[in-house]
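Below, each chain spelled out in residue letters.
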Amino acid sequence: MSWYTINSNRGKPLLVVDNYIHRIDRNNGNNEYYKCIDNCGGRAILRSQTTAIISKIHHHPTHGAELARRGFRETLKEKVVSNPTKSVPQNFHEVRRSLVSSGIKGCTTSEVEDAVPVYTSVRSSSYRKRMKLVPKLPTKLSELILENEWRSTNDRKDFLLGNYFFMTNLRPFLDHGPLLKYKT
Ligand SMILES: [Zn+2]
């Protein structure tokens, strides 16, 4: 039987066996006992973290559609976190394109296609994730520290974005500041 673990939205481990998702029920030494996330009576056992079996059958189709939905959201989250300078819609469209062409583990093509959320349903959570990674606007000059990707264009040239007020007021400092370079 094929099995792997994933994390629930609350960070709890879930056991996936043959595309059925289970949550932990109890453990006993080397064995962990799991039950179906839908409480259908289906159960699974993970032995010594090496083999997993379904010990009681499920009375419904697999959780392929659910796995596809989770897979999409997880991939989008990782993408936003690793590319915070990219726009949220752009990250969304790239994830959609790549998952529809490469698929999600344990899911059929139609399950993946059906799992693609409408953009508006993931927009606010993606923006919240991104907000945490984007530097805050400084209130004093000493807080004005921009590093790495915030200071270069995609082809790695020095770059600093500023409005007229920012540039005219800060230019004297920027000329002599060790932290910043800018292009005119
Ligand atoms: Zn079940």
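Residues numbered from 1 in each chain as written. Predicted model: local features only at pLDDT ≥ 70, side-chain atom pairs only at ≥ 80, totals over all residues.

## Let's talk about helix α2 (residues 88-102)
Here is step 1: Between the first and last C-alpha of α2 there are 21 Å, a value that for 15 residues agrees with the 21 Å anticipated at 1.5 Å per step.
Here is step 2: Buried within α2 are the following residues: Val88, Asn91, Phe92, Val95 and Leu99. Projected down its long axis, α2 carries its buried residues within an arc of 100 degrees, all on one side. Exposed side of α2, more than 90 degrees from the buried face: Pro89, Gln90, His93, Arg97, Ser98 and Ser101 are the residues found there.
Here is step 3: Within two residues after α2, Gly103 carries a phi angle of roughly 85 degrees, on the positive side. (Helix = DSSP H or I, 4+ residues; strand = E, 2+ residues; numbered from the N terminus. Expected span 1.5 Å × (residues − 1). Buried ≥ 20, exposed ≤ 12 C-beta atoms within 10 Å, placed from the backbone. Arc of directions from axis to C-beta.)

## Details of the nonpolar core
Here is step 1: Ranked by size, the top nonpolar core spans 24 residues in total, and within it Leu15 and Ala68 carry the most contacts.
Here is step 2: For this core, the elements supplying multiple residues, two or more each, are β2 (13-17), β3 (20-28), β4 (31-36), β5 (43-47), α1 (64-82), α2 and α3 (109-115).
Here is step 3: Counting residues per element, this core draws most heavily on α1, which supplies five residues.
Here is step 4: Setting aside anything within four residues of it in sequence, one finds Ala68 in contact with Ile104, Cys107, Glu111, Val112 and Ala115. (Core = buried A, V, L, I, M, F, W, Y, C linked by C-beta atoms within 7 Å. Contact = placed C-beta atoms within 7 Å.)

## Details of the environment of Pro13
Here is step 1: Topologically, Pro13 is positioned in strand β2.
Here is step 2: Take Pro13: there are 14 C-beta atoms within 10 Å of it, and that puts it in the partly exposed class.
Here is step 3: The sequence separation of Pro13 and Ile24 amounts to eleven residues, and the corresponding C-alpha distance is 7.6 Å.
Here is step 4: Leaving out residues up to four positions away in the same chain, Pro13 has contacts with Thr5, Asn7 and Ile24.

## What about unusual backbone geometry?
Here is step 1: Even without glycine at this site, Ser48 takes up a positive phi of about 50 degrees.
Here is step 2: As for its position among the elements, Ser48 is in the loop between β5 and β6 (51-56).
Here is step 3: Judged by local crowding, Ser48 falls into the exposed class, with 9 C-beta atoms found within 10 Å.
Here is step 4: The backbone phi angle of Gln49 is positive, close to 60 degrees, even though this residue is not glycine.
Here is step 5: Relative to the helices and strands, Gln49 is located in the loop between β5 and β6.
Here is step 6: Gln49 gets classed as exposed once you count the C-beta atoms within 10 Å, which come to 9.

## Examining the packing of α2 against helix α4 (residues 119-133)
Here is step 1: Remark: α2 packs on α4, axes separated minimally by 10 Å, with the N-to-C direction vectors making an angle of 120 degrees. Relative to α4, the element α2 lies oblique. Considering only the axes of α2 and α4, their crossing is right-handed. Contacts between α2 and α4 involve Val88, Pro89 and Phe92 from the first element and Tyr119, Val122, Arg123, Ser126, Tyr127 and Arg130 from the second. (Axes fitted to C-alpha atoms, helices over the stretch in contact; angles between N-to-C directions. Parallel < 35°, antiparallel > 145°, perpendicular 65-115°, else oblique. Left-handed = near helix turned anticlockwise from the far one by under 90°.)

## Concerning the sheet that holds β4
Here is step 1: With respect to topology, six strands assemble into an open sheet ordered β1-β2-β3-β4-β5-β6, the strand pairing being antiparallel. Only two strands of the sheet have a single neighbouring strand rather than two, namely β1 (3-7) and β6. If you compare each strand with its neighbour and ignore which way they point, the axes differ by 35 degrees on average.
Here is step 2: The sheet contact formed by β3 and β4 spans six bridges and is antiparallel. (Pairing = 2+ DSSP bridges.)

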